[in-house]
Amino acid sequence: MAFEITVNGEKRTVDADADTPLLWALRDELGLKGTKFGCGIAACGACTVYIDGYPSRSCVTPIDSLGEAEVTTIDALSGKAADAVRQAWVDLQVPQCGYCQSGQIMAAAALLSETPKPSDADIDAAMSGNVCRCATYHRIRQAIHHAAETMEG
Amino acid sequence: MRAIFSNPTHTDGSADGTTGGFRPSRRQFLIATGGAGLGLMIGGALPGLGRAEAAAGEAAENLINPFVIIRPDDTVAVLSKHLDMGQGTAHGLTTLVAEELDARWEQMSPEFAPADASKYNNTAFGQVQGTGGSTAIANSFTQYREAGAMARAMLVAAAAEAWGVPAGEVTVDDGTIAHAASGKSAGFGAMAAAAAAMSPPSSVTLKDPSQFRYIGKATTRLDVKPKTEGAPIFALDHAPEGVLVAAIARPPKFGATVRGFDASEAEKINGVVRVLQIPAGIAVVAKSTWPAFKGRDALKIDWDESKAETRGTKELRAEYAALLDQPGKVFQSDGDSEGALAGAARVIEGTFEFPFLAHAPMEPHDVTIHFDGEMAEVWTGSQLQTVDQMVAAGTLGIEAAQVRINTLWAGGSFGRRAIYDSHIVGEAAQLAKAWGTPQPLKIQWSREDDIKGGYYRPAYMHKVRAGLDTEGNIVGWHHRIVGQSIVAGTAFEPGMVHDGIDHTSVEGVAGNSYRIPNFQGELHTVTVGVPPLWWRSVGSTHTAFVMETMLDDLAAAAGRDPVEFRLALLPEGSREAGVLKLAAEKAGWGDPVPEGKARGVAVHKSFGSYVAQVADVTLGEGDAYKVDRIVCAVDCGVAVNPDNIAAQMEGGIGYGLGHAIRNKITLTDGAVDQTNFDTYEPMRIDDMPFVETHIVPSAEAPTGVGEPGTPPAAPAVSNAIFAGRGVRWRTLPFTDNRGGAA
Ligand code: FES
Ligand code: FES
């Protein structure tokens, strides 16, 4: 069955069953490979996208639930917070294997858009859904503070 | 066409049993290599196959030597013979080449070498290409520097010839070749074709460390920026035109086999193309991932469990515990431990338990294969390329030289991708064979497949009795270990099991650096049908915990400071003592610890590197605690990239601590109880302490950093809790001590 969904500002047609998770529609049907697969049960955040601006788990979001909603993926993520986060990730050399980092960056950029000067507790609260098996958490925390500073300046 | 295509209806693939079992024996490996032994055959079997050679044949690229390609646009590709799974190896090797080549950092490009053990073997593994044991930089340090120096010399020779000037007057700096007197200069790309045609110099002189501009400096990892953009660099992302995706239903208990199955419901699912039996289980092949998963869930399979492992954690634990009270095979015996313990003023006894652990790398396993009947091409995060190549070849009935392995960036491994039986690539080969016609096929594992899939850090138990004299000196130590051998029955057994002792079961107890008199170590190796595997820091995952918490108990019993007690037992000037002193100093060891807080220490050597950690812990209500900070000191010889060393310490600590906090794999009647990150809950950001890493300056040859950060973390925390509460947690994960504590 064909669904029309809005991804990164474009209307796209996905020919798949209604229960197909957005994650697999993005990756397998639309060729958008930035969003990664980690657990499939909303427990790791590797598949984080924005749905109408909110960080959401695409692995548990069926395509038939999207309606008119606007989906944004790491492949097209941009803006002041996203730029600051990416630069901070490079400056502090955050990624190791990098596999979780699409989701980490989506979550961090969303946090900074809402809370420009987050505390450690704010960071823990916003980021605790995003697993990093390489345990880059220490640098993620520092990089978010660093990004917050650069956004101010 | 190969013979297997003569019977396209042959789809069950199970009859010939090529790699049906979990663990090919050493004998099977020898057969696969024609009986001539691993090294010899591989060394000679793989000429001219790899991507590098193929690339060199194209005008666009110039292969200067097996490790360096210089492209006309000045890009210097460094071919990493090792997998990069986040440990920064590709970056490290790129640094070594850039250094000796006098390249500009921005022109460097880390890439992966093809599978070809004749050129790309890990010299620490003999004639096998692979990554593990924190050997990547250690075995490549001179090799990659020489490759860079050689490339530089060839560029200089090419420029000298082109400009008609003496080679001795040509300089290379920051990516530019120049001749001052004539004012001529060129980039690397302009001279690359001529350089590639030169015969390599017979010897090269390497830089003196005082001249280093990249080694020992914090260079920006070139893979970081793409990783912030979701770059499609992983095996997950590889999707050749027309690829079909398979999910495999594997046995619910290790060793079970398919008696029969009904695929009718699965075949009704939109997108499912075909269901077929392979030795590994039942494969549902679909147009894309989701229907493959859905189809797999819809299968009805009748499993034959007659040969399966049906013992659960409860039964295994009882068997291990009984063995702790029986003499085992002696792996170390100095003096008379029983006599010394009988005469000791005080004996401290401890029994320790360690669960099975899954590696759970962030990227679930995935592999793509395309077999055209002659050649097989494989794309995956390959960590033991040589074994992957052999197993795929053996399964498909072709020569290893007909298997091309494309190594991709891996989303973590922690040991999970270095598999003695290459079962992940093996399954792909089984599927390609069963499919029967040329078709790109990808096998996608779910997280449940990974968590339930075995190849765990084996469960272990230890029992230690250690005696003190009236002065508080250790007079004797008796140490018994019970657990599975990781390598028994595999091609790695001859190299790693000696006189019935698997070194990986005892390393860290055997050969520990403490001067302990009257020491006896014994091992019971048990046979369990759960496939075991090395897990970040291997034997040290349990031995460091036992040694370092016992030492703390003994220090407390002797009324001595834990750091001072250890220093007195370590040889004067030892590298253990060096890191221990540095960590203690940086952590403010000896300063008063505030109310409600506690501090603990541990030191351990693994993979030739020395690491000490001091843990600061906040004690909460009841059993609650939070690890606030870990101060880490490491001595790994020359620090090739200090920032990456720090990153590996942070990651190693997080990995060790995360599992110590709450992770375990348990079995009920042989079936794994955990399924996904809900029941095997990973460490999260709010569990992660602040980490501070200090590196001991050293001129020794570099040693590994991927694993050695892991072992001290859990014992340092157990020691802090002991210091704060007087309660000893000897079972991992810590949650399993609750109730008995406080
Ligand atoms: S893959 Fe969606 S949360 Fe893990
Ligand atoms: S960087 Fe490897 S999982 Fe986060």
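Numbers given to residues run from 1 along each chain, matching the order in which its sequence is written. Naming scheme: in the order in which they are written, chains are lettered from A and ligands are numbered from 1. For a predicted model such as this one, the threshold for reporting local features is a pLDDT of at least 70, and the threshold for listing and counting side-chain atom pairs is 80 or more; totals across whole chains, interfaces and linings nevertheless cover every residue. As a rule here, side-chain values cover all heavy atoms of the structure and leave hydrogens and water aside.

Quick look at the overall build of chain A
What counts, and what does not: By definition, any uninterrupted DSSP run of H or I lasting at least four residues is a helix, any uninterrupted run of E lasting at least two residues is a strand, and each is numbered from the N terminus. Only the C-alpha atoms count toward the radius of gyration. The rule for a globule is 2.2 Å times the residue count to the power 0.38. Only protein chains enter the calculation, and the probe is 1.4 Å; a residue is then buried if its accessible area is under 20% of its type maximum, exposed if over 50%, and partly exposed in between. Note on contacts: a residue pair is in contact if any heavy atoms of the two residues lie within 4.5 Å. Only the protein chains shown count as covering a residue, and every accessible area follows the Shrake-Rupley method with a 1.4 Å probe. Charged-residue counts in this description rest on Lys and Arg as positive and Asp and Glu as negative, His and the chain ends being excluded. By convention, the point assigned to a charge is CZ for Arg, NZ for Lys, CD for Glu and CG for Asp.
When helices and strands are tallied, chain A shows five helices and five strands. Traced from its N-terminal end to its C-terminal end, chain A shows the element sequence β-β-α-β-β-β-α-α-α-α. Its C-alpha atoms give chain A a radius of gyration of 15 Å, within 12% of the compact-globule value 15 Å for 153 residues. Dimensions of chain A along its principal axes, counting C-alpha atoms only, are 45 × 30 × 25 Å. A burial count over chain A gives 61% of its 153 residues as buried. Residue pairs in contact within chain A that sit at least 24 positions apart in sequence constitute 57% of those at least 6 positions apart. Carbon and sulfur atoms make up 48% of the accessible area of chain A, which totals about 5,400 Å². Here chain A contributes 12 positively and 20 negatively charged side chains, and the mean placements of these two sets differ by 8 Å.

As for the environment of R536(B)
Residue and element names in this part refer to chain B. Put simply, the rule reads: Pairing of N or O atoms within 3.5 Å defines a polar contact, subject to two protein rules: one partner must be a possible hydrogen donor and the other a possible acceptor, and residues neighboring in sequence count only if both atoms are side-chain atoms.
Counting through the fold element by element, R536 comes out in the loop between β23 (519–526) and α18 (540–558). Counting along the chain gives 118 residues from R536 to G654, while the straight-line C-alpha distance between them is 12 Å. Contact partners of R536, with chain neighbours within four places excluded, come to F414, T541, Q648, G651, G652, Y655, G706, E707 and T710. A distance of 3.1 Å separates a polar atom in the side chain of R536 from a polar atom in the side chain of Q648.

What about the interface of chain A and chain B?
Note the following rule: Whenever Lys or Arg places a side-chain nitrogen within 4 Å of a carboxyl oxygen from Asp or Glu, that contact is recorded as a salt bridge. Asp, Glu, Lys and Arg are counted as charged, while Ala, Val, Leu, Ile, Met, Phe, Trp, Tyr, Cys and Pro are counted as nonpolar; the rest, among them Gly, fall into the polar class.
Listed per partner, the contact involves 49 residues of chain A and 63 residues of chain B. Across the pair K294(B) and D19(A) runs a salt bridge, and its minimum N-O distance is 2.9 Å. Our enumeration of links across chain A and chain B arrives at 32 residue pairs in polar contact (both at pLDDT 80 or more). Listed by contribution, the elements that provide at least two residues to the side of chain A that touches chain B are α1 (22–29), α2 (80–91), α3 (101–114), α4 (120–127) and α5 (137–152) of chain A. No other element matches α5(A), which puts six residues into the side of chain A that touches chain B. Residue composition of the side of chain A that touches chain B, grouped by class: 24 nonpolar, 13 polar and 12 charged.

With respect to unusual backbone geometry
Most of the time, phi is negative for any residue but glycine, and the peptide bond is trans. Residues and elements named next belong to chain B. A cis amide bond links L732 to the next residue, P733, at an omega of -5°. The residue P733 is located in the segment after α22 (713–725) in this model. Positive phi, close to 55°, is recorded for D102, a residue that is not glycine. Along the chain, D102 turns up in the loop between α4 (89–101) and β4 (108–112).

Thoughts on the sheet that holds strand β24 (residues 597–606) of chain B
In a beta sheet, neighbouring strands pair by backbone hydrogen bonds and run either parallel or antiparallel. Residues and elements named next belong to chain B. Note the cut-off: Pairing between strands requires that DSSP locate at least two bridges from one strand to the other. As a rule, the C-alpha atoms of each element are fitted with a line to give its axis, helices using only the stretch in contact, and angles between N-to-C directions run from 0 to 180 degrees.
Strand order in the open sheet formed by four strands is β24-β25-β26-β29, and the pairing between neighbours is mixed. Edge positions in the sheet fall to β24 and β29 (690–695), since each has one partner strand and no second. Between one strand and the next, the sheet's axes are offset by a mean angle of 15°, whatever the strand orientation. Helix-sheet contacts for α22 involve β24, β25 (609–619) and β26 (625–635), and the interaxial angle to β24 is about 150°.

Notes on α3(A)
Residues and elements named next belong to chain A. Short version of the rule: Residue count minus one, scaled by 1.5 Å, sets the expected span of a helix.
Between its first and last C-alpha, α3 extends 20 Å over 14 residues, near the 20 Å set by a 1.5 Å rise per residue. Summarising burial for α3: 12 of the 14 residues are buried, a large majority. What α3 keeps buried is the set Q101, S102, G103, Q104, I105, M106, A107, A108, A109, A110, L111 and L112.

Description of the pattern of salt bridges
All names here are of chain B. Inspection of every chain in the model, using the stated rule, returns 47 salt bridges over all chains. E363 serves as the salt-bridge partner of R417, at 3.8 Å between the closest nitrogen and oxygen. With R417 in the loop between β17 (403–407) and α14 (423–435) and E363 in the loop between β14 (346–354) and β15 (366–371), the pair connects residues that are 54 residues apart, well separated along the chain. Across the pair, E363 and R417 agree in class, each one buried. The structure contains a network of salt bridges with shared partners spanning E548, D552, D553, R566, R728 and R730.

Here's the deal with the confidence of the model for chain B
All names here are of chain B. Formally: Every residue carries a pLDDT, the predictor's confidence in it, which falls somewhere between 0 and 100.
Residues at a pLDDT of 70 or more form 91% of chain B, whose mean pLDDT is 90. For the stretch residues 1–59, pLDDT sits under 50, and the model shows 118 contacts to residues farther than four places along the chain or on other chains. Complex prediction metrics read pTM 0.91 and ipTM 0.98.

Some thoughts on the packing of α2(A) against α5(A)
Residues and elements named next belong to chain A. Rules: If an angle is under 35 degrees, it is roughly parallel; if it is over 145, roughly antiparallel; if it lies from 65 to 115, roughly perpendicular; otherwise it is oblique. Should the near helix be turned anticlockwise from the far one by less than a right angle, the crossing is termed left-handed; should it be turned clockwise, right-handed.
Relative orientation of the contacting elements α2 and α5 amounts to 130°, with a least axis distance of 8 Å. In terms of axis orientation, α2 runs oblique to α5. Crossing hand, α2 versus α5: right-handed. Contacts between α2 and α5 involve K80, A81, A84, V85, A88, W89 and D91 from the former and I140, A143, I144, H146, A147, T150 and M151 from the latter. Per-class residue counts for the contact of α2 with α5 are 10 nonpolar, two polar and two charged.

Here we look at empty space enclosed by the protein
Residue and element names in this part refer to chain B. Where we set the bar: Every definition here rests on a 1 Å grid over the protein atoms only: cavities are sets of points where a 1.4 Å probe fits but cannot get out, pockets are open sets enclosed by protein on both sides within 12 Å along at least five of seven lines, and lining residues have some atom within 4 Å of a point. Grid points are joined across faces, edges and corners, and a volume is the space filled by probe spheres set on the points.
Counted under the stated rule, the structure contains five cavities of 30 Å³ or more. In terms of lining residues, the largest cavity is bounded by 16 residues, among which W535, T541, G656, A714 and L732 are the most central. Elements with a contribution of two residues or more to the lining of the largest cavity: α18, α21 (642–662) and α22. Class assignment of the residues belonging to the lining of the largest cavity gives a composition of nine nonpolar, six polar and one charged. Counted as a void, the second largest cavity has a volume near 90 Å³. As for the second largest cavity, its lining consists of H365, D366, T380, G381, S382, Q383, D388, R417, I419, S422, I424 and V425. Split into classes, the residues belonging to the lining of the second largest cavity amount to three nonpolar, six polar and three charged.

A short note on the pairing of strand β20 (residues 474–484) of chain B
All names here are of chain B. With 11 of 11 residues buried, β20 is to be regarded as a mostly interior element. Bridge analysis of strand β19 (residues 460–468) against β20 gives nine bridges, and the strand direction is antiparallel. Along β20, the bridge assignment pairs L468 with I474. Between β19 and β20, which pair antiparallel in sequence order, lie five residues; one of them, G472, sits at a positive phi of approximately 85°. As judged from the eight bridges shared by β20 and β23, these two strands associate in the parallel manner. Residue pairing in the sheet places H479 in a bridge with G521 of β23.

Points about the domain arrangement of chain A
Residue and element names in this part refer to chain A. The cut-off we apply is this: Residue ranges for the domains trace back to a domain assignment, done automatically or taken from a database. Once two parts are joined, some of their accessible surface, as seen by a 1.4 Å probe, is lost; buried area is that loss totalled over both.
When the domains of chain A are assigned, the result is domain 1 (2–76) and domain 2 (80–152). On a C-alpha basis, the centres of domain 1 and domain 2 stand 22 Å from each other. Listed by partner, the interface residues are 15 residues for domain 1 and 11 residues for domain 2. Roughly 1,100 Å² of surface becomes buried between domain 1 and domain 2 when both sides are summed, with 57% attributable to carbon and sulfur atoms. Connecting domain 1 to domain 2 are zero salt bridges. Here domain 1 and domain 2 share eight residue pairs in polar contact (both at pLDDT 80 or more) between them. Those elements that place two or more of their residues in the side of domain 1 that touches domain 2 are β3 (48–51) and β4 (54–57). Examining the composition of the side of domain 1 that touches domain 2, we find that three residues originate from one element, β3, more than from any other.

Some words on the sheet that holds β3(A)
Residue and element names in this part refer to chain A. Taking strand neighbours across the sheet as the criterion, the five strands line up as β2-β1-β5-β3-β4 in an open arrangement whose pairing is mixed. With one partner strand each, in any of the chains shown, β2 (10–15) and β4 form the two edges of the open sheet. For this sheet the average axis-to-axis angle between neighbouring strands, irrespective of direction, equals 45°. Where strand β1 (residues 2–7) and strand β5 (residues 70–72) come together, two bridges link them in parallel fashion. When the sheet's bridge partners are listed, T6 is paired in β5 with E70. Of the strands in this sheet, β3, β4 and β5 are in contact with α3, which crosses β3 at around 40°.

Structural notes on the side chain of N641(B)
All names here are of chain B. Relative to the assigned elements, N641 resides in the loop between β26 and α21. Classification of N641 as buried rests on a relative accessible area of 6%. Not counting residues up to four positions away in its chain, the partners in contact with N641 are H91, K217, A218 and T219.

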